[in-house]
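Understanding the architecture of this molecule
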Amino acid sequence: MMIKVRAVGKEREELKRTADIFRGRIIDVTDKSYTIELTGVGSKLDAFISAIDRASILETVRSGGSGIGRGERILKV
């Protein structure tokens, strides 16, 4: 999941801490927002959304399960 959140003032540090707790990565930073990348099961992603102020959510993009083979291996469907 990628989620863009409003991050101004004291919210910035709290959102960074929350992303760290959920092992998320902040992949884009502006003066007013963070874009956070999170991976994991749906319940983990839902828990992150519940842990932050819903009013601060600007955009959310979620995908279903996905994968790719490591090294020379190839995943086949």
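The sections below set out a description of the structure shown in this document. Treat the numbers as computed from the prediction; the structure is a model and nothing was measured.

Let us look at unusual backbone geometry. Both trends apply: most residues other than glycine have a negative phi, and most peptide bonds are in trans. The backbone of R23 shows a phi angle near 60°, a positive value even though the residue is not glycine. By the element assignment, R23 lies in the loop between α1 (11-21) and β2 (25-29).

With respect to the element layout, E11 can be found in helix α1. Linking E11 and R25, residues 14 residues apart in sequence, is a C-alpha distance of 16 Å.

Take the environment of I21 next. Looking at the element boundaries, I21 is found in helix α1. Given a relative accessible area of 65%, I21 falls into the exposed group. Remark: the alpha-carbon pair of I21 and F48, spanning 27 residues in sequence, is separated by 9.2 Å.

For α1, the complete set of buried residues consists of L15, T18 and A19. Down the axis of α1, the buried side of the element spans an arc of 100°, and every buried residue falls inside it. Among the residues trailing α1, R23 stands out with phi positive, at a value near 60°.

Bringing the side chain of T18 into the picture now. By the secondary structure assignment, T18 is in helix α1. Every residue in contact with T18, bar those within four places of it in the chain, is listed here: F48, A51 and I52.

On to the pattern of salt bridges. For the structure shown, the criterion picks out 6 salt bridges. Between E14 and R17 there is a salt bridge whose closest N-O contact spans 3.0 Å. Linking E14 with R17, this pair stays in helix α1, spanning 3 residues, or about one helical turn. Salt bridges sharing partners connect three or more residues here, namely E13, E14 and R17.

Cut-offs and rules
Residues numbered from 1 in each chain as written. Predicted model: local features only at pLDDT ≥ 70, side-chain atom pairs only at ≥ 80, totals over all residues. Heavy atoms only, no water. Helix = DSSP H or I, 4+ residues; strand = E, 2+ residues; numbered from the N terminus. Buried < 20%, exposed > 50% of the residue type's maximum accessible area, 1.4 Å probe, protein only. Arc of directions from axis to C-beta. Contact = heavy atoms within 4.5 Å. Salt bridge = Lys/Arg side-chain N within 4 Å of Asp/Glu carboxyl O.

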